[in-house]
Amino acid sequence: MSGQTRTLRLDPIGCRAHGLCAELLPELVDLDEWGYPVVDGDPVPPALVNRAKRAAAACPALALRLR
Ligand code: SF4
């Protein structure tokens, strides 16, 4: 289904600022000055959806989700 829009969501309480997501997906994840990721709520470009899925799956705190 090409019309589906996926966005990255961050649970700021669960996140432990490992920074892994920013390493795996630097195009969409920035780190703030404390090492916490900053994601916008924009749709994930289709070309990055697979990598976004991998970054979400790799989060040790399950704090990053692709919805
Ligand atoms: S990988 Fe998970 S715990 Fe680590 S900074 Fe990203 S969202 Fe937070």
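Residues numbered from 1 in each chain as written. Predicted model: local features only at pLDDT ≥ 70, side-chain atom pairs only at ≥ 80, totals over all residues. Heavy atoms only, no water.

A. Expanded view of the overall build of the protein chain. Helices and strands together make up the secondary structure of the protein chain, namely 2 helices and 4 strands. Each helix and strand of the protein chain, placed in order from N terminus to C terminus, yields the pattern β-α-β-β-α-β. In terms of overall dimensions, the protein chain is globule-like: its C-alpha atoms have a radius of gyration of 11 Å, near the 11 Å expected for 67 residues. When its C-alpha atoms are laid out on the principal axes, the protein chain stretches across 35 × 20 × 15 Å. Within the protein chain, the proportion of its 67 residues that are buried is 31%. (Helix = DSSP H or I, 4+ residues; strand = E, 2+ residues; numbered from the N terminus. Rg over C-alpha atoms; globule rule 2.2 N^0.38 Å. Buried < 20%, exposed > 50% of the residue type's maximum accessible area, 1.4 Å probe, protein only.)

B. Just the site of the ligand, in detail. Residues in contact with the ligand, as listed here, are L10, C15, R16, A17, H18, G19, L20, C21, P37, C59, P60 and A61. According to the grid-proximity analysis, the pocket containing the ligand is the largest cavity. A class-by-class count of the residues in the shell around the ligand yields 9 nonpolar, 2 polar and 1 charged. (Near = heavy atom within 4 Å. 1 Å grid on protein atoms, 1.4 Å probe; cavity = no way out; pocket = protein on both sides within 12 Å on 5 of 7 lines; lining within 4 Å. Sits in = over half its atoms within 2 Å of the grid points. Nonpolar A, V, L, I, M, F, W, Y, C, P; charged D, E, K, R; others polar.)

C. View of the environment of D32. Structurally, the position occupied by D32 is in the loop between β2 (30–31) and β3 (37–38). It is 9.7 Å that separates the C-alpha atoms of D32 and A17, two residues lying 15 residues apart in sequence. Within the structure, the side chain of D32 is placed 2.8 Å from the backbone nitrogen of W34, a separation counted as a polar contact. (Polar contact = N/O pair within 3.5 Å; in protein donor to acceptor, adjacent residues only side chain to side chain.)

D. Local environment of the side chain of T7. Mapped onto the elements of the fold, T7 is located in the segment before β1 (8–10). Setting aside residues up to four positions removed in sequence, T7 forms contacts with G41, D42, P43, V44, R65, L66 and R67. (Contact = heavy atoms within 4.5 Å.)

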